[in-house]
Amino acid sequence: MPRTKGRLARLAHRFLAPALLIAIVWPLPLQAGGATEQTIVELIHARLSLMDEVAAYKLLNDVPIEDQEREAVVLAHAVEAAEDVGLDGATTVAFFSAQIEAAKAIQVCWMERWRQGESPVPEGAPDLAGVIRPQLIEIGDALIATIARHAGETGGIDAGTLPAIDCLPPDKADTITSSLSAVAPATP
């Protein structure tokens, strides 16, 4: 029973924390440079921090890491959401593509750890389509809205560096931050 309570507590923290972050961030007015950039970094972190759960679901359900059809859906949604709030679709796609590549690298890392016995194989995972993806979409939408507010005021974003995310390769983190700095308002 204690093991179940611990697992439930971890799941509650994992899934309620991003929702709480979005609830706090979404209605905030644009803040001075660093604060909004920090919010963007926190949203990226929240999104990528769910990748161990994505990997667990895929491992336990024998689903491949790469899903080009799903990636196309995510990118199409990102373009539509970006254009709806006045961001350039192409630069937004580059930013979301960088996150997708980072997400796949994190999933590969976790699967290798589990297969090599470096970490215990998870006994269960939240449903990918019913639980995890809706959270990823919500975080992604909050990310686009926050970027749009910030980019509209400053013309650019300097995210600096991402905080450490387990299994995130440094080159993938650098690609995310450089593509984020290139996200621009749409040209009239």
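Residues numbered from 1 in each chain as written. Predicted model: local features only at pLDDT ≥ 70, side-chain atom pairs only at ≥ 80, totals over all residues. Heavy atoms only, no water.

## As for the overall build of the chain
For step 1, the next point in the chain: If you tally the helices and strands in the chain, you get seven helices and zero strands.
For step 2, the next point in the chain: When its helices and strands are written in sequence order, the chain yields α-α-α-α-α-α-α.
For step 3, the next point in the chain: Residue burial in the chain is summarised as follows: out of 188 residues, 44% are buried.
For step 4, the next point in the chain: Across the chain, the fraction of contacts at a sequence separation of at least 24, relative to all contacts at a separation of at least 6, is 84%. (Helix = DSSP H or I, 4+ residues; strand = E, 2+ residues; numbered from the N terminus. Buried < 20%, exposed > 50% of the residue type's maximum accessible area, 1.4 Å probe, protein only. Contact = heavy atoms within 4.5 Å.)

## Notes on the nonpolar core
For step 1, the next point in the chain: Counting residues in each nonpolar core, the largest one holds 50 residues, and the members touching the most others are Ile-44, Leu-48, Phe-95 and Ile-147.
For step 2, the next point in the chain: Those elements that provide at least two residues to this core are helix H2 (33-48), helix H3 (51-60), helix H4 (68-84), helix H5 (89-115), helix H6 (128-154) and helix H7 (170-182).
For step 3, the next point in the chain: The biggest single contributor to this core is H5, with eleven residues.
For step 4, the next point in the chain: In contact with Phe-95, not counting residues within four places along its chain, are Ile-44, Leu-143, Ile-147, Ile-176, Ser-179, Leu-180 and Val-183. (Core = buried A, V, L, I, M, F, W, Y, C linked by side-chain atoms within 4.5 Å.)

## Brief notes about the packing of H5 against H7
For step 1, the next point in the chain: As a packed pair, H5 and H7 sit with axes 8 Å apart at the nearest point and diverge in direction by 165°. Relative to H7, H5 is oriented roughly antiparallel. Between H5 and H7 lies a crossing whose hand is left-handed. Contacts between H5 and H7 pair Thr-91, Ala-94, Phe-95, Ala-98, Gln-99, Glu-101, Ala-102 and Ala-105 from the former with Lys-172, Thr-175, Ile-176, Ser-179, Leu-180 and Ala-182 from the latter.
For step 2, the next point in the chain: Across the contact of H5 with H7, the residue classes tally to eight nonpolar, four polar and two charged. (Axes fitted to C-alpha atoms, helices over the stretch in contact; angles between N-to-C directions. Parallel < 35°, antiparallel > 145°, perpendicular 65-115°, else oblique. Left-handed = near helix turned anticlockwise from the far one by under 90°. Nonpolar A, V, L, I, M, F, W, Y, C, P; charged D, E, K, R; others polar.)

## Observations concerning the pattern of salt bridges
For step 1, the next point in the chain: According to the stated counting rule, one finds four salt bridges in the structure shown.
For step 2, the next point in the chain: Where Lys-104 meets Glu-71, a salt bridge forms, and the shortest distance between an N and an O atom there is 3.2 Å. Here Glu-71 lies in helix H4 and Lys-104 lies in helix H5, a separation of 33 residues in the sequence. Here Lys-104 and Glu-71 have matching classes, each one buried.
For step 3, the next point in the chain: Where Lys-104 meets Glu-101, a salt bridge forms, and the shortest distance between an N and an O atom there is 3.0 Å. (Salt bridge = Lys/Arg side-chain N within 4 Å of Asp/Glu carboxyl O.)

## What to know about H3
For step 1, the next point in the chain: Among the ten residues in H3, nine count as buried, and that is most of the element.
For step 2, the next point in the chain: Among the residues of H3, those classed as buried are Met-51, Asp-52, Glu-53, Val-54, Ala-55, Ala-56, Tyr-57, Lys-58 and Leu-59.
For step 3, the next point in the chain: Immediately downstream of H3, the backbone of Asp-62 shows phi near 50°, a positive value.

## Things to note about the side chain of Thr-177
For step 1, the next point in the chain: Mapped onto the elements of the fold, Thr-177 is located in helix H7.
For step 2, the next point in the chain: Classification of Thr-177 by relative accessible area gives buried; the value is 13%.
For step 3, the next point in the chain: Only 3.0 Å separates the side chain of Thr-177 from the backbone oxygen of Asp-174, close enough to count as a polar contact. (Polar contact = N/O pair within 3.5 Å; in protein donor to acceptor, adjacent residues only side chain to side chain.)

On their own, these measurements won't tell you what the molecule is for.
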